[in-house]
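# Residue-level structural notes
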Amino acid sequence: MKWPTYIFTSLFLMLLLSEAHSETIQLHIPLISDSPKQHQYFHELLNIAIKDAGHIPKLISSELPQLRAKEYLKYGGISIFWMVESTQRNQEFEPIKVGITNGLIGKRILFIKVGDQEQYNQVKNLDDFRKLNTVGGMGKDWFDAKVWAKNRLRYQEHSGMWTSIFKMIPKGRDYNYFARGVNEILVEAKQYPKLAIEENLVLIYDRDYRFYLSKTGPNAGIKYHTVLSLAIKKAQESGLISRLVRKYWEHDYEELNYDKRIKIHLKSPD
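Everything in this summary refers to the structure shown in the same document. Being a predicted model, the structure only gives us computed values, none of them experimental.

### Observations concerning the side chain of H39
Tracing the backbone through its elements, the reader meets H39 in helix α2 (residues 39-52). Apart from the residues lying within four places of it in its own chain, the contact partners of H39 are P30, L31 and W82.

In structure tokens:
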């Protein structure tokens with residue numbers, strides 16, 4: 001066999017072999033209507049991670065509010081959703097056991113009422129924060145509520161649409177502050193200009209987002225568990241997750257003056 005023909009044949013066989021091992025990963029995935037643009041990081045991570053693992057991503061998006069997305073995941077209306085890791089969710093859904101934002105969601109900065117900054121200026125530690133006796137607003141069944149309870153901090157879960165909390169704080173109704181992730185608060189500040197971002201503090205608990213797969217239903221994602229586990233683990237080890245976190249949120253860290261904020265570490269529940 002002549003060398004050019006041999007090389008061509010070898011390359012062709014390698015290509016066929018590669019295609020034989022590749023798989024189209026079709027995932028029904030939400031766009032969260034009450035958190036605009038927050039999906040972009042998670043969609044890009046999945047797209048790149050699946051390609052880097054040698055497969056073909058096919059993401060089919062549906063616009064859903066956050067609470068409905070959880071219900072859709074429960075019954076297999078969607079295949080995959082990103083949520084803060086918890087024991088309950090690990091049982092209810094099929095987790096991909098890799099943190100996917102380098103703990104970003106556990107770094108909480110406060111929305112407060114304009115004019116309230118002075119009362120937070122003297123806070124240097126968790127005891128000081130408790131003594132303020134202020135009430136944090138939470139969405140119903142949020143993991144934050146469990147964290148606040150564990151750390152003996154006052155909070156109240158909102159029974160209606162969680163986005164109503166943004167509008168209630170400026171009116172001085174029910175809640176004094178709303179704790180948001182570093183990855184969320186600047187985008188939301190543009191939507192709710194009547195709120196102020198607290199200037200000095202960041203409350204930190206040890207949790208991260210995970211991808212969760214639906215176990216049953218028409219779009220159950222569990223069948224891709226092995227492929228996606230390997231793909232996301234590779235994304236972590238290769239530095240892809242760190243690169244994307246910097247791409248999406250490095251500016252937020254700088255604008256929020258994160259490094260100079262007082263770090264208040266909270267205990268995490270199981």
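### Things to note about a positive patch on the surface
A surface patch of positive charge is lined by K167, K171, R173 and K194. Its relative accessible area of 65% is what places K194 among the exposed residues.

### Some thoughts on the nonpolar core
F129, W148, F211 and L228 are the most contacted members of the largest nonpolar core, which has 79 residues in total. Top contributing element to this core by residue count: α2, with six residues. Excluding residues that lie within four positions of it along the chain, F129 makes contacts with L110, Y120, V123, L153, Y177, L201, L203 and I264.

### Some details on the sheet that holds strand β4 (residues 94-96)
Read across the open sheet, the three strands follow the order β3-β11-β4; overall the sheet is antiparallel. Of all the strands in the sheet, just β3 (80-84) and β4 have a single pairing partner and so form its edges. Each adjacent strand pair in this sheet contributes to an overall mean axis angle of 40°, direction not counted. Here β4 pairs with strand β11 (residues 209-213) via three bridges, running antiparallel. Residue I96 lies in a different strand from β11, and its bridge partner there is F211. Across the sheet, helix α3 (residues 66-75) lies against β3 and β11, angled at about 120° from β3, the strand it touches most.

### Let's talk about the environment of A53
Mapped onto the elements, A53 comes out in the loop between α2 and β2 (56-64). We classify A53 as partly exposed; its relative accessible area is 29%. Through-space distance from the C-alpha of A53 to that of I105 is 26 Å; in sequence the pair is 52 residues apart. With sequence-adjacent residues up to four places away left out, A53 is seen in contact with A231 and K234.

### Some points on the pairing of strand β7 (residues 155-158)
In the sheet, strand β6 (residues 136-139) pairs with β7 via four bridges, with the strands oriented parallel. Bridge pairing in β7 places M138 opposite E157. Following the chain from β6 across helix α7 (residues 143-150) to the adjacent parallel β7, one finds a crossover that is right-handed.

### Observations regarding the packing of α2 against helix α11 (residues 240-255)
Look at α2 against α11: their axes get within 11 Å of each other, and the N-to-C directions meet at 150°. In terms of orientation, α2 lies roughly antiparallel with respect to α11. Where α2 crosses over α11, the two elements pack in a sense that is right-handed. Along the contact surface, α2 presents Q40, Y41, E44, L45, I48, A49 and D52, while α11 presents L240, I241, L244, V245, K247, Y248 and W249. The class makeup of the residues in the contact of α2 with α11 is ten nonpolar, one polar and three charged.

Rules and cut-offs
Residues numbered from 1 in each chain as written. Predicted model: local features only at pLDDT ≥ 70, side-chain atom pairs only at ≥ 80, totals over all residues. Heavy atoms only, no water. Helix = DSSP H or I, 4+ residues; strand = E, 2+ residues; numbered from the N terminus. Contact = heavy atoms within 4.5 Å. Patch = residues over 30% accessible without salt bridge, like charges linked within 9 Å, V, L, I, M, F, W, Y side chains within 5 Å. Areas by Shrake-Rupley, 256 points an atom, 1.4 Å probe, with all protein chains shown as cover. Salt bridge = Lys/Arg side-chain N within 4 Å of Asp/Glu carboxyl O. Lys, Arg positive; Asp, Glu negative; His and termini not counted. Charge placed at Lys NZ, Arg CZ, Asp CG, Glu CD. Buried < 20%, exposed > 50% of the residue type's maximum accessible area, 1.4 Å probe, protein only. Core = buried A, V, L, I, M, F, W, Y, C linked by side-chain atoms within 4.5 Å. Pairing = 2+ DSSP bridges. Axes fitted to C-alpha atoms, helices over the stretch in contact; angles between N-to-C directions. Right-handed = clockwise from strand over helix to strand, strands pointing away. Parallel < 35°, antiparallel > 145°, perpendicular 65-115°, else oblique. Left-handed = near helix turned anticlockwise from the far one by under 90°. Nonpolar A, V, L, I, M, F, W, Y, C, P; charged D, E, K, R; others polar.

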